[in-house]
Amino acid sequence: MKKVVFTDKAPKPIGPYSQAVCIDGLLFISGQIPIDPSTGQLITEGFENQVRRVLDNIKAIVEASGGTMEDIVKTTVFLRDISKFQVFNEIYARYFEKDPPARSVVEVRNLPRGVDIEVEAIAKIEKCP
């Protein structure tokens, strides 16, 4: 049975979608952009801060579902500027120190609200909340 996941520790969806959906122990986390969940404001200062905010949002959602970052099995990363790939990689590696998930990185022309980064994830968790 499909279960919609919501936590106030991640941004509220800005459109008709769920933060995440869980079914049969698979957690599908919607693309996260650098929105601070406590203010609802975009993080626009510093690409590094944007990356951390996005990954913290993903972490909050997976933890609200009873999982950890180690449970993430796949991420898809959308960057507006692929030249920032190395900076992204350095920060990303701190969130996935052991057995990182499979990953795709794609350069795109634009993203919602004109942000520089969006990341979606899939996790395998014990059971849906």
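Above this text you will find the structure in question.
Residues numbered from 1 in each chain as written. Predicted model: local features only at pLDDT ≥ 70, side-chain atom pairs only at ≥ 80, totals over all residues. Heavy atoms only, no water.

Undergrad: Is there a simple way to explain the state of the cysteines in this structure?
TA: A covalent bond between the sulfur atoms of two cysteines is referred to as a disulfide. Under the defined criterion, the tally for this structure stands at one disulfide. Here cysteine 22 engages in a disulfide with cysteine 128; their sulfurs sit 2.1 Å apart. Every disulfide takes its handedness from the sign of the S-S torsion; for cysteine 22 and cysteine 128 that torsion is -80°, giving left-handed. Placement of the pair is cysteine 22 in strand β2 (residues 20-23) and cysteine 128 in the segment after β6 (117-124), with a sequence separation of 106 residues. (Disulfide = S-S within 2.5 Å. Helix = DSSP H or I, 4+ residues; strand = E, 2+ residues; numbered from the N terminus.)

Undergrad: So what exactly am I meant to see when it comes to the environment of alanine 20 here?
TA: Among the secondary structure elements, alanine 20 is positioned in strand β2. Placed 15 residues apart in sequence, alanine 20 and valine 5 show a C-alpha to C-alpha distance of 5.1 Å. Alanine 20 has contacts with Lys3, Val4, Val5, Leu27, Phe28, Ile29, Ser30 and Ile61, leaving out every residue within four places of it along the chain. (Contact = heavy atoms within 4.5 Å.)

Undergrad: Sorry if this is basic, but what is going on with the pairing of strand β3 (residues 26-32) here?
TA: In regular strands, side chains alternate between the two faces of the sheet. The sheet contact formed by β2 and β3 spans four bridges and is antiparallel. Of the residues in β3, the one forming a bridge with cysteine 22 is leucine 27. Taken together, β2 and the strand that follows it, β3, pair antiparallel across an intervening segment of two residues, in which aspartate 24 is found at a positive phi of about 50°. Sheet topology places β3 next to β6; five bridges connect them, and they run antiparallel. Each residue of the ladder has a partner; that of phenylalanine 28, found in β6, is isoleucine 122. (Pairing = 2+ DSSP bridges.)

Undergrad: Looking at this structure, how should I read the sheet that holds β6?
TA: Note on sheets: strands pair through backbone hydrogen bonds, and any given pair is parallel or antiparallel. Strand order in the open sheet formed by six strands is β1-β2-β3-β6-β4-β5, with mixed pairing between adjacent strands. The two strands at the open ends of the sheet, each matched to only one other strand, are β1 (3-5) and β5 (102-107). The mean angle between the axes of side-by-side strands here comes to 15°, regardless of whether they run parallel or antiparallel. The strands touched by helix α1 (residues 47-64) are β1, β2, β3, β4 (72-79) and β6; relative to β3, the strand with the most contacts, the crossing angle is about 150°. (Axes fitted to C-alpha atoms, helices over the stretch in contact; angles between N-to-C directions.)

Undergrad: What's the story with the nonpolar core in this structure? I'm lost.
TA: Side chains that are nonpolar tend, in soluble globular proteins, to be buried together. One finds Leu27, Ile29, Ile58, Ile72 and Ile117 to be the most contacted residues of the largest nonpolar core, which totals 28 residues. Elements with a contribution of two residues or more to this core: β2, β3, α1, β4, α2 (85-95) and β6. One finds Ile33, Phe78, Leu111 and Val115 within the second-largest nonpolar core, a separate group that totals five residues. (Core = buried A, V, L, I, M, F, W, Y, C linked by side-chain atoms within 4.5 Å. Buried < 20%, exposed > 50% of the residue type's maximum accessible area, 1.4 Å probe, protein only.)

Undergrad: Mind showing me how you'd approach the side chain of threonine 76 here?
TA: Tracing the sequence through the fold places threonine 76 in strand β4. You can call threonine 76 buried: its relative accessible area is 14%. Among the polar contacts made by the side chain of threonine 76, one reaches the side chain of lysine 74 at a distance of 3.2 Å. In this view, threonine 76 contacts Ser104, Glu118, Val119 and Glu120; residues no more than four positions away in its chain are not counted. (Polar contact = N/O pair within 3.5 Å; in protein donor to acceptor, adjacent residues only side chain to side chain.)

Undergrad: Could you clarify how one ought to interpret the packing of aromatic side chains in this entry?
TA: Think of a pair of aromatic rings as described by two things: how far the centres are apart, and how the planes are tilted against each other in angle. Taken as a whole and assessed by the stated rule, the structure comprises two aromatic pairs. Plain terms: the ring middles of phenylalanine 88 and tyrosine 92 are 5.2 Å apart, the flat faces sit at 40° to each other, and that makes the pair tilted. Note that phenylalanine 88 and tyrosine 92 are positioned in helix α2 at a spacing of four residues, about one turn of the helix. Residue phenylalanine 88 shares its accessibility class with tyrosine 92, and that shared class is buried. Across from the ring centre of tyrosine 92, 4.6 Å away, lies the NZ or CZ of arginine 103, which sits over that ring. (Phe/Tyr/Trp six-rings, centres within 6.5 Å; stacked < 30°, edge-to-face > 60°. Lys NZ or Arg CZ within 6 Å of the ring centre and 35° of its normal.)

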